[in-house]
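Okay, here's what each chain looks like letter by letter:
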Amino acid sequence: MASPTDRKYSTDHEWVLVDGDVATIGITKYAADQLGSIVFVELPEEGESFGSEDAYGEVESVKSVSELLLPVGGEVVAINQALEDAPETVNDDPYGEGWLVRVRLDNKGDLDELIDGAAYDASLA
Amino acid sequence: MSLTEAYAQGHNDRSTLRKPDWLRVPRRSSPEQSEVEGLLKELGLNTVCKEANCPNYSDCFSRKTATFMIMGTDCTRNCRFCNVKTSKPQGLDADEPLNVAQAVQRLGLRYVVITAVTRDDLPDGGASHFAATIRAVRRKSPQAAIEVLVPDFKGNKEAILAVVQAGPDVISHNIETVPALYSRVRSQANYRRSLGLLAEVKRLDSSIKTKSGIMLGLGEVRKQVLEVFDDLMEASCEILTVGQYLSPSLDHYPVQEFIEPEIFDNYRKIAYEKGFGFVASAPLVRSSYQAEEALHR
């Protein structure tokens with residue numbers, strides 16, 4: 001199944017959906033599948049700022065732990081609170097209800113570093 | 001399965017779902033890992049590393065080593081600790097032995113570990129396919145040491161002989177857990193039969209090293225673990241691996257306990273005192289861990 005074409009992707013298996021100057025970030029289905037059943041998602045606080053490629057949290061599955069790297073720099077304006085009680089949402093709906101954080105972009109230029117759905121899918125082949 | 005359902009099913013509270021820091025292994029990529037994955041894909045080969053979702057995956061693949069899994073990815077048994085799917089298997093791939101040999105050659109492996117799913121559907125349990133794979137690897141990479149991690153072949157002596165005669169350096173068969181837990185997590189296996197396989201290998205060819213592994217954290221107690229060590233020694237098992245059980249998914253048997261690294265150290269010490277030739281004992285140890293070192297000790 002092809003990755004959604006309405007958003008951009010990083011080579012670290014994160015997706016970025018932009019609306020104005022706010023970007024919603026999540027991990028791709030590929031990443032979620034690789035991790036296995038996710039049992040804990042550690043997210044930053046609202047108001048925290050990160051640069052592009054900074055570690056902003058952690059996703060833990062039954063068998064491993066993965067750092068979350070922010071594909072674009074900015075200030076966290078929202079986190080997905082629902083994941084505290086239902087971390088498995090990331091596995092079930094990685095592109096929808098399984099979103100992780102929303103950031104206000106510092107620099108729209110960061111988006112140029114990202115690739116589109118087709119290129120991301122090609123990188124997995 | 002949701003987290004709430006998981007708790008209802010017996011996965012203990014977050015303390016056994018979230019891992020202690022000594023078990024937190026990041027998954028990284030590397031060019032070496034991608035290279036190994038590419039080669040496996042090209043040759044149509046499977047690894048238990050991927051099928052079992054091993055936490056050491058990135059570590060080993062980045063060092064360009066992997067444990068091949070032959071005879072498909074569908075197992076005829078359904079052990080509750082294992083991530084491999086249970087399903088009616090496909091027919092055997094006659095090219096597989098050669099493909100494994102090619103992978104070994106192209107990766108330049110000096111030590112090869114080959115395991116398989118359990119194939120109770122085959123009359124010989126797949127023993128001849130194992131033997132063919134060992135022979136193919138020997139032909140193409142005569143300098144490589146070969147370890148096979150075998151199923152129990154339902155105790156079939158001819159099957160065990162077929163593998164022994166192919167002449168691997170090490171035959172491994174995991175005892176997995178203490179006998180009291182077999183009915184709970186390994187109901188289609190038999191503790192005595194598994195010990196018997198190890199003893200039988202030694203009886204048939206004492207030059208082949210024997211090896212076994214046990215997982216901790218399934219609800220066993222110390223006394224039971226030490227009894228397994230004694231039973232393995234009595235079966236002439238020389239190499240022992242001891243690791244922490246990690247649940248492959250929320251649908252698998254829940255982790256009952258995270259055993260501290262110091263306890264693993266203590267088990268290593270005791271196992272050496274009992275006479276094992278080589279012991280690998282630490283939370284992330286899996287049966288292929290330090291496999292090459294074990295042979296040369």
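The residue numbers shown here count from 1 along each chain, following its written sequence. Whichever chain is written first becomes A and whichever ligand is written first becomes 1, with later ones labelled in order. Local features in this predicted model are restricted to residues whose pLDDT is 70 or higher, and side-chain atom pairs enter the listing and the counts only when it is 80 or higher, whereas totals over whole chains, interfaces and linings include all residues.

1. Concerning the overall build of chain A
Counting its secondary structure elements, chain A contains three helices and 10 strands. In chain A, the succession of α and β elements from N to C terminus is β-β-β-α-β-β-β-β-β-α-β-β-α. Structurally, chain A occupies a C-alpha span of about 35 × 35 × 20 Å along its principal axes. Three exposure classes are used. Buried residues have 20 or more other C-beta atoms within 10 Å of their own C-beta, exposed residues have 12 or fewer, and partly exposed residues fall in between, all C-beta atoms being placed from the backbone. Looking at chain A as a whole, 43% of its 125 residues qualify as buried. In this description, any two residues whose backbone-derived C-beta atoms lie within 7 Å of each other are considered to be in contact. Within chain A, contacts between residues separated by at least 24 positions form 63% of all contacts whose residues are at least 6 apart in sequence. Counting from the N terminus, the helices are DSSP H or I runs at least four residues long and the strands are E runs at least two residues long.

2. Some words on the sheet that holds strand E9 (residues 239-244) of chain B
Residue and element names in this part refer to chain B. Strand order in the open sheet made by the eight strands is E1-E2-E5-E6-E7-E8-E9-E10, with mixed pairing throughout. Looking at strand neighbours, the two that pair on one side only are strand E1 (46-47) and strand E10 (278-281), the edges of this open sheet. Note: strand E7 (residues 170-172) against strand E8 (residues 209-216), three bridges, orientation parallel. Across the sheet, the residue bridging to Ile171 is Thr210, located in E8. Helix axes are fitted only over the stretch in contact, all axes being lines through C-alpha atoms; the angle between N-to-C directions runs from 0 to 180 degrees. Sheet strands in contact with helix H7 (residues 127-140) are strand E2 (67-70), strand E5 (111-116) and strand E6 (145-149), and its direction is about 165 degrees off that of E6. Strand pairing follows a simple DSSP-based rule, namely that at least 2 bridges must link the two strands.

3. Re the interface of chain B and chain A
You'll often see interface size given as the accessible area lost when the parts meet. In this assembly, 16 residues from chain B lie in contact with 16 residues from chain A. Under the grouping applied here, Gly and all other residues not named as nonpolar or charged are polar, the nonpolar ones being Ala, Val, Leu, Ile, Met, Phe, Trp, Tyr, Cys and Pro and the charged ones Asp, Glu, Lys and Arg. By residue class, the composition of the side of chain B that touches chain A is eight nonpolar, four polar and four charged.

4. Digging into the packing of helix H8 (residues 157-165) of chain B against helix H10 (residues 191-204) of chain B
Residue and element names in this part refer to chain B. Relative orientation of the contacting elements H8 and H10 amounts to 55 degrees, with a least axis distance of 10 Å. Considering the angle they form, H8 stands oblique to H10. Of the two elements, H8 crosses H10, and the hand of that crossing is right-handed. Of the residues in H10, those in contact with Lys157, Ile160, Leu161 and Val164 of H8 are Leu197, Glu200, Val201 and Leu204. Each angle is binned into one of four classes, with values under 35 degrees roughly parallel, values over 145 roughly antiparallel, values of 65 to 115 roughly perpendicular, and all other values oblique. Throughout, a crossing is termed right-handed when the near helix is turned clockwise from the far one, and left-handed when it is turned anticlockwise from it by less than a right angle.

5. Quick notes on the sheet that holds strand E9 (residues 101-105) of chain A
All names here are of chain A. Strand order across the open sheet formed by seven strands is E5-E8-E9-E3-E2-E1-E10, with antiparallel pairing between neighbours. What marks the edges here is a single partner per strand, and that holds for strand E5 (49-50) and strand E10 (115-116). In this structure, strand E1 (residues 8-9) lies alongside strand E2 (residues 14-19), joined through two bridges in antiparallel fashion. Bridging from a neighbouring strand, Lys8 pairs with Val16 of E2.

6. Examining the packing of H7 of chain B against H8 of chain B
Residue and element names in this part refer to chain B. Where H7 contacts H8, the axes come no closer than 8 Å and their chain directions differ by 0 degrees. When the axes of H7 and H8 are compared, the pair comes out roughly parallel. Here H7 contributes Ala127, Ser128, Phe130 and Ala131 to the contact with H8, which in turn contributes Ala159, Ala162, Val163 and Gln165. Looking at the contact of H7 with H8 residue by residue, the class counts come to six nonpolar, two polar and no charged.

7. Some points on the pairing of E10 of chain B
All names here are of chain B. The sheet contact formed by E9 and E10 spans four bridges and is parallel. Of the residues in E10, the one forming a bridge with Leu240 is Val279. Between E9 and its parallel partner E10, the chain crosses via helix H12 (residues 261-274), and the hand of that crossover is right-handed. Note on handedness: a clockwise path from strand one over the helix to strand two, with the strands aimed away from the viewer, defines a right-handed crossover.

8. Some words on unusual backbone geometry
All names here are of chain B. A positive phi angle is found at Lys64, which is not glycine, with a value near 55 degrees. Relative to the assigned elements, Lys64 resides in the loop between helix H5 (57-62) and E2. C-beta crowding within 10 Å serves as the criterion here: with 15 such atoms nearby, Lys64 is assigned to the partly exposed category.

9. Let's talk about the nonpolar core
The biggest cluster of nonpolar side chains holds 113 residues, and the ones touching the most others in it are Val100, Val148 and Val163 of chain B. Of the residues forming this core, the biggest block, seven residues, is contributed by H7 of chain B. One nonpolar core equals one set of buried Ala, Val, Leu, Ile, Met, Phe, Trp, Tyr and Cys residues connected by C-beta atoms within 7 Å.

10. Regarding the confidence of the model for chain B
Residue and element names in this part refer to chain B. For chain B, the average pLDDT comes to 91, and 94% of its residues sit at 70 or higher. Note on scores: pLDDT gives the predictor's confidence for each residue, bounded by 0 and 100. Highest mean pLDDT in chain B belongs to helix H11 (residues 222-234) (98); lowest belongs to helix H2 (residues 14-17) (57). We note a pTM of 0.86 for the whole complex and an ipTM of 0.71 for its interfaces.

11. Concerning H12 of chain B
Residue and element names in this part refer to chain B. The span one expects for a helix is its residue count, reduced by one, times 1.5 Å. Between its terminal C-alpha atoms H12 stretches 20 Å, which fits the 20 Å expected from 14 residues at 1.5 Å a residue. Taken together, the buried positions of H12 are occupied by Phe264, Tyr267 and Ala271. One side of H12 carries all its buried residues, which in axial view fall inside an arc of 55 degrees. Of the residues in H12, the exposed ones pointing more than 90 degrees away from the buried face are Glu262, Asp265, Lys269 and Glu273. On its buried face, H12 is in contact with H11, E9 and E10. After H12 finishes, the residue Gly275 shows a positive phi value of roughly 115 degrees. Here, the arc refers to the directions that run from the helix axis to the C-beta atoms.

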